[in-house]
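Inside the fold
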Amino acid sequence: MIKHIMAATLLWLAVVAAFPLYAQQQKEQTLGSLWPKVEENYPGISAKKSDIDAAKFNQRAVKGNMLPQINAQAQNTYGTYEGSAGGFFPQPGFFNVNGPVPLDGSSTAANTFGSAIVNWEMFSFGKLRKQNEAAGALYNKSVSDKDAYLLNLKKTLSERYIILLYNNAKLQWTQKNAERLDDIRKITSGLSASGLRPAADSLLASSSYVQAMGEHDKWYGFKNASYIKLLELYGNDTIDFTASINRFGNPIESGLNKLNTINPSHPILDALDKQSEYYTLSGEAQKRASLPSINLLGGYAYRGTGISPNGNVSRAWNDGFSNTTNNFLAGIGITWNLTSLHTNRMKSEQLFKEAESTKLLQSQYQQAMQADLSASQAKVVQQYQQLQKTKLAVKQSQDAYNMYLARYKSGLITLSELLQIRILLEQAENAHIEASREYWGLLAYEAELTADFDFLFNNL
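Please read all numbers here as calculations on a predicted model, not as lab measurements.

What counts and how
- Residues numbered from 1 in each chain as written.
- Predicted model: local features only at pLDDT ≥ 70, side-chain atom pairs only at ≥ 80, totals over all residues.
- Heavy atoms only, no water.
- Helix = DSSP H or I, 4+ residues; strand = E, 2+ residues; numbered from the N terminus.
- Buried < 20%, exposed > 50% of the residue type's maximum accessible area, 1.4 Å probe, protein only.
- Areas by Shrake-Rupley, 256 points an atom, 1.4 Å probe, with all protein chains shown as cover.
- Phe/Tyr/Trp six-rings, centres within 6.5 Å; stacked < 30°, edge-to-face > 60°.
- Lys NZ or Arg CZ within 6 Å of the ring centre and 35° of its normal.
- Salt bridge = Lys/Arg side-chain N within 4 Å of Asp/Glu carboxyl O.
- Axes fitted to C-alpha atoms, helices over the stretch in contact; angles between N-to-C directions.
- Parallel < 35°, antiparallel > 145°, perpendicular 65-115°, else oblique.
- Left-handed = near helix turned anticlockwise from the far one by under 90°.
- Nonpolar A, V, L, I, M, F, W, Y, C, P; charged D, E, K, R; others polar.
- pLDDT = per-residue confidence, 0-100.
- Expected span 1.5 Å × (residues − 1).

Counting secondary structure elements, the protein contains 10 helices and 6 strands. Taken over 460 residues, the protein has a buried fraction of 37%. When the accessible area of the protein is evaluated, it comes to approximately 26,500 Å², of which 57% is carbon and sulfur surface.

Right, let's get into the packing of aromatic side chains. This structure, assessed with the given rule, holds 9 aromatic pairs. Centroid distance Tyr166 to Trp219: 6.0 Å. Interplanar angle 85°. Geometry classified as edge-to-face. Linking Tyr166 in helix α4 (residues 127-193) with Trp219 in helix α5 (residues 199-234), this pair joins segments that are 53 residues apart in sequence. Per residue, the accessibility class of Tyr166 equals that of Trp219, and both read buried. Put simply, the rings of Trp35, Phe453 and Phe457 touch in pairs and so form one group of aromatic residues. The ring of Tyr234 has Lys37 sitting right over it, with the charged end atom 4.9 Å from the ring centre. The cationic tip of Arg437 hangs over the ring face of Tyr166; the distance from NZ or CZ to the ring centre is 4.4 Å.

Here the focus is the pattern of salt bridges. Pairing between side chains of opposite charge can happen when the charged atoms of each approach one another. Within the structure shown, the criterion is met by 14 salt bridges. The partner of Asp182 in a salt bridge is Lys186, and the shortest N-O contact between them spans 3.5 Å. Taken together, the residues span about one helical turn, with Asp182 and Lys186 both in helix α4 at a distance of 4 residues. Judged by its relative accessible area of 14%, Asp182 is buried. Lys186 sits in the exposed class, given a relative accessible area of 52%. Notably, a salt bridge pairs Glu426 with Arg422, separated by 2.7 Å at the nearest N-O pair. Pair noted here: Glu426 and Arg422 are both in helix α9 (residues 415-450), with a separation of 4 residues, about one helical turn. Judged by its relative accessible area of 9%, Arg422 is buried.

Attention now goes to the packing of helix α8 (residues 340-409) against α9. It is the contact of α8 with α9, at a shortest axis distance of 7 Å, that shows an interaxial angle of 160°. It follows from the interaxial angle that α8 and α9 lie roughly antiparallel. The interaxial crossing formed by α8 with α9 has left-handed handedness. Here the residues of the contact of α8 with α9 are counted per class, giving 24 nonpolar, 10 polar and 7 charged.

In the contact formed by helix α7 (residues 267-288) and α8, the axes pass within 8 Å of each other and the chain directions differ by 165°. Taken together, the axes of α7 and α8 are roughly antiparallel relative to one another. As α7 packs across α8, the resulting crossing turns out to be left-handed. The residue inventory of the contact of α7 with α8, partitioned by class, reads 10 nonpolar, 11 polar and 6 charged.

We now examine the environment of Ala54. Within the element layout of this structure, Ala54 appears in helix α3 (residues 43-64). Here Ala54 falls in the partly exposed class, since its relative accessible area comes to 46%. For the pair Ala54 and Tyr139, spaced 85 residues apart in the sequence, the C-alpha separation amounts to 8.4 Å.

Right, let's get into the confidence of the model for the protein. Detailed reading of predicted coordinates is not advised where the pLDDT is low. Per-residue pLDDT for the protein averages 80, and the proportion of residues at 70 or more is 83%. Put simply, helix α1 (residues 2-27) is where the protein has its lowest mean pLDDT, 46, and α9 is where it has its highest, 90.

When the terminal C-alpha atoms of α5 are compared, their 53 Å separation across 36 residues agrees well with the 52 Å that a helix rising 1.5 Å per residue should span. Just downstream of α5 lies Gly235, where phi reads positive at about 70°.

A word on α7. Taking 1.5 Å per residue as the helical rise, α7 with its 22 residues ought to reach 32 Å, and the 31 Å between its terminal C-alpha atoms agrees with that figure. Every buried residue belonging to α7 is among Pro267, Leu269, Ala271, Leu272, Lys274, Ser276, Tyr279, Leu281, Ser282, Gly283 and Ala285, and all of these are buried.

Right, let's get into unusual backbone geometry. Even without glycine at this site, Asn323 takes up a positive phi of about 50°. Summarising the element assignment, Asn323 is placed in the loop between β5 (312-313) and β6 (325-335). Taking the relative accessible area as the measure of exposure, Asn323 reaches 31% and is therefore partly exposed.

In this fold, Asn295 is placed in strand β4 (residues 293-305). According to the relative accessible area criterion, Asn295 is buried, its value standing at 10%. For the pair Asn295 and Gly331, spaced 36 residues apart in sequence, the C-alpha to C-alpha distance is 8.6 Å.

Shown next, in the form of structure tokens:
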């Protein structure tokens with residue numbers, strides 16, 4: 001018997017201990033609980049990750065330009081063989097070897113030719129290095145663009161969640177109005193049937209109730225539409241936002257006053273900084289493109305022809321693989337495109353101006369964001385004070401309405417007077433809903449400016 005009592009006691013203690021934990025888990029359903037799913041599945045984030053991968057591959061490709069360039073070719077041709085003595089400038093993939101003029105035989109001959117050229121730009125006066133640095137800056141910019149996109153997506157998620165809660169609050173508000181008018185309609189109908197109220201009162205009460213139901217239908221559609229817009233980000237069939245309904249109308253005081261300056265490493269400012277750096281390095285690389293290049297050259301060629309050493313020419317195709325020669329080439333050369341001096345200088349100046357423009361734009365953004373942050377923080381404080389007052393006004397209006405409803409039932413006031421009191425209650429409730437939306441909207445905007453959504457995600 002004692003064992004049964006102890007087992008029951010332990011079971012009861014386990015249930016008591018588990019219930020607060022379960023309740024706490026239920027309470028922790030917040031806006032922030034949606035973000036991991038959005039970050040994991042939203043296609044726009046995957047697109048930004050692909051941009052980063054593309055920039056990384058571009059960086060590797062640019063770095064590959066510093067390696068020796070190898071060109072190879074193989075061909076089999078049939079044609080004439082007239083030539084002239086003398087040298088010529090070698091081109092990538094082939095070089096010439098002169099021979100004697102054939103004396104007799106066919107006027108055409110088959111030829112086989114294959115070669116490989118190695119061209120290594122040994123010294124480029126910093127061109128390749130600047131190109132590599134510019135590619136690295138482009139990669140860093142793509143990373144910053146992704147961070148700025150994530151920040152904007154957090155704000156979009158917050159705004160759509162706030163709109164959903166706002167439309168849901170409006171729906172509940174219209175439902176309360178309809179229920180109050182339905183009660184008035186029923187009371188008025190009974191009083192009219194007993195002859196204590198005119199029939200016109202019954203019609204007026206019924207008309208007000210029908211109008212309230214029409215308003216309820218409108219906000220039901222708005223609420224469903226905002227729910228669908230939120231699902232577009234979340235990518236799931238259902239979202240449980242019931243825990244946030246009460247927090248929407250009864251928010252806690254914001255704690256964001258601790259930060260009153262814009263962080264220079266803000267993702268938007270950082271993206272502009274990386275873009276300016278990319279333009280600057282690209283301009284330097286373009287400027288250095290006007291400088292010469294010093295290359296190491298090496299080559300090997302294999303050649304077969306239908307022309308024999310004694311001058312006899314054969315037109316047979318298989319003889320094109322005869323009379324083979326093997327040659328190699330090694331040397332050093334300098335290349336300087338003089339006509340590009342002016343063009344490259346103009347392009348580099350254009351890129352430098354783009355960098356300057358982006359840097360000034362960054363300063364403008366930072367200045368504007370700082371002003372917006374200070375203004376937003378001033379409004380948030382006053383908005384919270386307004387919320388407390390509208391909340392009190394709703395309670396007082398509700399108490400007054402209940403008193404006037406009792407007086408109406410007793411026949412002490414008319415229907416029109418009661419409906420006027422109801423309108424005042426309706427206005428007070430609506431003002432509180434509007435103030436709640438404004439408050440949370442300001443917090444979402446402030447979170448974007450500070451790049452800190454922790455308070456909003458944990459308290460809504």
